[in-house]
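Okay, here's what each chain looks like letter by letter:
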Amino acid sequence: QVQLVESGGGLVQPGGSLRLSCAASGTIFSIRNMGWFRQAPGKQREYVAVITSGGGTNYADSVKGRFTISKDNAKNTMSLQMNSLKPEDTAVYYCNVAIRDINSWYGFGSWGQGTQVTVSS
């Protein structure tokens, strides 16, 4: 089973930027749709962005135009560039295999520890 490890979170002021990384222990980004998900305190985990095995991208409306998902199949890594961060982006961010639902995406399989993103002045 491929293990996924998230990194890159931190504390940033509103309007700032962060770049999250997801490292896989084996080949997965070239064969599976992969996504970033987040969970804020007291809220359900939600889809943020997805990159398909073929490189197509999808974004939640709340982050469209501010976040960019990318991947490097050869390095077994995936990234999430987050710009113009808002306090409502504060959450623990996770990467996982992404499965298409009727109107959204959900993560499939076990979840890692995630990486905390805090947007605050």
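Further up the page is the structure itself.
Residues numbered from 1 in each chain as written. Predicted model: local features only at pLDDT ≥ 70, side-chain atom pairs only at ≥ 80, totals over all residues. Heavy atoms only, no water.

### Quick notes on the packing of aromatic side chains
So, step 1. By the definition in use, this model includes two aromatic pairs.
So, step 2. Taking the centre distance of 5.4 Å and the plane angle of 90° together, the rings of Phe 37 and Trp 111 count as edge-to-face. Here Phe 37 is found in strand β4 (residues 34-39), whereas its partner Trp 111 is found in the loop between β10 (105-108) and β11 (115-119), with 74 residues between them in sequence.
So, step 3. For Phe 37, a relative accessible area of 2% gives the class buried.
So, step 4. Measuring from ring centre to ring centre gives 5.6 Å for Tyr 94 and Trp 111, while their planes differ by 75°; the resulting arrangement is edge-to-face. (Phe/Tyr/Trp six-rings, centres within 6.5 Å; stacked < 30°, edge-to-face > 60°. Helix = DSSP H or I, 4+ residues; strand = E, 2+ residues; numbered from the N terminus. Buried < 20%, exposed > 50% of the residue type's maximum accessible area, 1.4 Å probe, protein only.)

### Regarding the pairing of strand β5 (residues 46-51)
So, step 1. Of all six residues in β5, five are buried; the element is thus mostly enclosed.
So, step 2. Of the pairings in the sheet, the one linking β4 to β5 comprises five bridges and is antiparallel in character. Paired with Gly 35 across the bridge in β5 is Val 50.
So, step 3. As paired elements, β5 and strand β6 (residues 57-59) share three bridges and run antiparallel to each other. (Pairing = 2+ DSSP bridges.)

### Considering the pattern of salt bridges
So, step 1. By the definition in use, this model includes four salt bridges.
So, step 2. Two residues, Lys 64 and Asp 61, come together in a salt bridge whose shortest N-O distance is 3.1 Å. For the pair Lys 64 and Asp 61, a shared accessibility class is recorded, and that class is exposed.
So, step 3. When salt bridges that share partners are traced, they join Arg 38, Glu 46, Arg 66 and Asp 89 into one network. (Salt bridge = Lys/Arg side-chain N within 4 Å of Asp/Glu carboxyl O.)

### Some details on the environment of Ile 69
So, step 1. Along the chain, Ile 69 turns up in strand β7 (residues 67-72).
So, step 2. Along the backbone, Ile 69 and Tyr 59 are ten residues apart, and their C-alpha atoms lie at a distance of 8.5 Å.
So, step 3. Residue contacts for Ile 69: discarding those within four places in its chain leaves Met 34, Trp 36, Ala 49, Val 50, Ile 51, Thr 57, Tyr 59, Met 78, Ser 79 and Leu 80. (Contact = heavy atoms within 4.5 Å.)

### Remarks on the environment of Arg 66
So, step 1. Of note, Arg 66 is situated in the loop between β6 and β7.
So, step 2. Linking Arg 66 and Ser 17, residues 49 residues apart in sequence, is a C-alpha distance of 9.5 Å.
So, step 3. Once residues within four sequence positions are removed from consideration, Arg 66 is found in contact with Gln 81, Met 82, Asn 83, Ser 84, Leu 85, Lys 86 and Asp 89.

### Overview of the side chain of Arg 38
So, step 1. The topology assignment puts Arg 38 in strand β4.
So, step 2. The class of Arg 38 is buried, set by a relative accessible area of 5%.
So, step 3. Only 2.7 Å separates the side chain of Arg 38 from the side chain of Glu 46, close enough to count as a polar contact.
So, step 4. Polar side-chain contacts of Arg 38 include one of 2.9 Å to the side chain of Tyr 93. (Polar contact = N/O pair within 3.5 Å; in protein donor to acceptor, adjacent residues only side chain to side chain.)

### Thoughts on the state of the cysteines
So, step 1. With the rule as written, the count across this model stands at one disulfide.
So, step 2. Here Cys 22 pairs with Cys 95 through a disulfide, and the sulfurs are 2.1 Å apart. What sets the handedness of the Cys 22 and Cys 95 disulfide is the S-S torsion sign, and at about 70° it is right-handed. Residue Cys 22 is found in strand β3 (residues 18-24), and its partner Cys 95 is found in strand β9 (residues 91-100); the two are separated by 73 residues along the sequence. Accessibility assignment for this pair places Cys 22 and Cys 95 in one class, buried. (Disulfide = S-S within 2.5 Å.)

Read these as layout, nothing more, since geometry by itself doesn't imply function.
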